[in-house]
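# A look at the structure
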Amino acid sequence: MAVATVVMMTIIVTAAPAVGDVSFINSRRSASGMAPVAQSGALASVARAHSERMAARRTLGHSANLPAAVSGVLSGWQAVGENVGVGDSLSEVNARFMTSAAHRANIMGNYNLAGVGVVTSEDGQVWVTQVFARVPAAASTATTARAATPQAANPQATVRAQRSVQPRVSRSRLVADAPRPAPVPPPPLQPETVAGMAAPRGGYQLIRTDGGVFSFGDAPFVGSGAELGLSEPIVGGAHAEDGAGYVLFGRRGGVFAFGAAGFYGSGSQLPLRGAVVGGAMSPTGLGYTLFADDGGVLAFGDASFHGSAVDQNPKAPIVGGAVTPAGNGYWLVAADGAVYAFGMAPFLGSVVDMAPLRAPIVGMGTTPTGDGYWLVAADGGVFAFGDALFSGSAAEQALSDPVRAVVPAPSGRGYWLVLGHNGALPYGDLRAPEQRRPADGPAGRLV
């Protein structure tokens, strides 16, 4: 599965000739104790070409297709990003980059190569483009010698698309290689509720496949996609850090932002091999991660990529995932109960080796500490690992609809089980809150 990260941001500041290299980038990274990026002539050529276009047109903007431009000079990349800016001097643009959260996130991002292109137009304005990439460590030294001119960069935000390269997994563990019965396929999506998301200050939203959002308790309603005529079914969503906005994730990689939630890119233009099954917001709210049913992972904005399960050939489709509260890792869970842990996400157990499940696993949620998680099955069975508290399940109830997801309470002392059509069942110290407003209210913001 191809994974790419591309986030674009723009800054205008208001002209002496200037030459760009990665020294400024590395000085900022060094001050924060981060490893430097290597100067890449190949990326510099991409950056300079874009700065020349901006200067010729007197128009600040991002590359029309950054992944394609980078692929033309650099193979096997895992993530790319771009910053663009214009001002009276290179130092002024660089200073502005560091005062912008999105541009700074690129400079301090998980990259190991960079190229900078700087072009001064006839009116004295300095056009700057910074292009970033992450390649496997073995390839990084080989790529620094290709192409050579410092480039001009525009402060664009980074959208990370990750490609299937070896090695892709920083740390992952698949539990159980023993033979087991063929997994029961997950239930098909219904036209009603398919996922839920907890609000940071309490309450939750239920999400429909058509993009409708239903808010309960203290969860804010800031729009939905129900009236936008979306061309793909919605499969999940996530809240911004302060709860004042949220994003919805589409099966084909589309991302739809509402309220104060930012848009940092999507997988809708990428050649995805698998269908997206869900996603999670980064701890800062300045990025998000998408999970695909083939084990692929897409990271955008400041969300980090720690590997995927594509190369591990999961024996059952991935049905969900969760990001650690610190954003330094994530888990994927398959329909057969196998759990894959990446980055600093701890592996705490799975149900893959249990006697044949009565129903497939459909999702997972993590505790506030990141030291535990819940798995939930379509029949309402709940499996708690680590410091996740078992507060009950619906496995013995006669449910009229299958369970679609588990939504942990922000306190970690309970969870809701999301049903296909009939709302959510509370467990632990939770109760069923009142609905605040209908899902088909203001259309919100489609990005």
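Scope of this entry: the structure provided in the associated data block.

Conventions we followed
Per chain, the residues get numbers from 1 upward, laid out in the order the sequence is written. It should be noted that, the model being predicted, local features are given only for residues of pLDDT at least 70 and side-chain atom pairs only at 80 or more, the latter also being counted only at that level, while totals for whole chains, interfaces and linings use all residues. Side-chain numbers here rest on the full set of heavy atoms in the structure, without hydrogens or water. Numbered from the N terminus, helices here are DSSP runs of H or I no shorter than four residues, and strands are runs of E no shorter than two. Burial classes: relative accessible area under 20% of the type maximum marks a residue as buried, over 50% as exposed, and values in between as partly exposed (1.4 Å probe, protein chains only). As used in this record, nonpolar core signifies buried Ala, Val, Leu, Ile, Met, Phe, Trp, Tyr and Cys residues forming a set joined through side-chain atoms within 4.5 Å. Two rings from Phe, Tyr or Trp (for Trp, the six-membered ring) form a pair when their centres are within 6.5 Å of each other. A pair whose planes differ by under 30 degrees is stacked, one over 60 is edge-to-face, and the rest are tilted. Two strands pair if DSSP finds at least two bridges between them. Lines fitted to the C-alpha atoms define the axes, with helices restricted to the stretch that makes contact. Angles between their N-to-C directions range from 0 to 180 degrees. The salt bridge definition used is simple: a Lys or Arg side-chain nitrogen within 4 Å of an Asp or Glu carboxyl oxygen.

### Here's the deal with unusual backbone geometry
One non-glycine residue, R58, lies in the positive phi region at around 55°. Residue position: R58 is located in the loop between α2 (41-57) and α3 (66-71). R58 gets classed as partly exposed once you look at its relative accessible area, which sits at 42%. A positive phi is found at N313, a non-glycine position, where the angle reads about 50°.

### Looking at the nonpolar core
One recurring pattern in soluble globular proteins: nonpolar side chains tend to sit buried together. Ranked by size, the top nonpolar core spans 47 residues in total, and within it W331, L332, Y340, Y373, L375 and L417 carry the most contacts. Among the nonpolar cores identified, the runner-up in size contains 17 residues, and L90, I107, M108 and V126 belong to it.

### Details of the packing of aromatic side chains
For the coordinates displayed, the defined rule picks out 13 aromatic pairs. Taken together, the aromatic side chains of F249, Y264, Y288 and F300 make up a single cluster linked through ring pairs.

### Quick notes on the sheet that holds strand β15 (residues 318-323)
One open sheet holds the three strands; their spatial order is β15-β16-β17, and the pairing between them is antiparallel. Every interior strand has two partners, whereas the edge strands, β15 and β17 (339-343), have only one. Adjacent strand axes in the sheet meet at a mean angle of 20° when their direction is disregarded. Of the pairings in the sheet, the one linking strand β16 (residues 329-334) to β17 comprises five bridges and is antiparallel in character. Paired with L332 across the strands is Y340, a residue of β17.

### Quick look at the pattern of salt bridges
This structure, assessed with the given rule, holds six salt bridges. Between D123 and R58 there is a salt bridge whose closest N-O contact spans 3.6 Å. Separated by 65 residues along the polypeptide, D123 in the loop between β4 (113-120) and β5 (126-134) and R58 in the loop between α2 and α3 bring together distant segments of the chain. The shortest N-O distance in the salt bridge between R358 and D379 comes to 3.5 Å. A residue pair is termed long-range when its members are at least 10 positions apart, and R358 in the loop between β17 and β18 (361-366) and D379 in the loop between β19 (372-377) and β20 (382-386) qualify at 21 residues. Within this structure, R358, D379 and E396 form a network of salt bridges that share partners.

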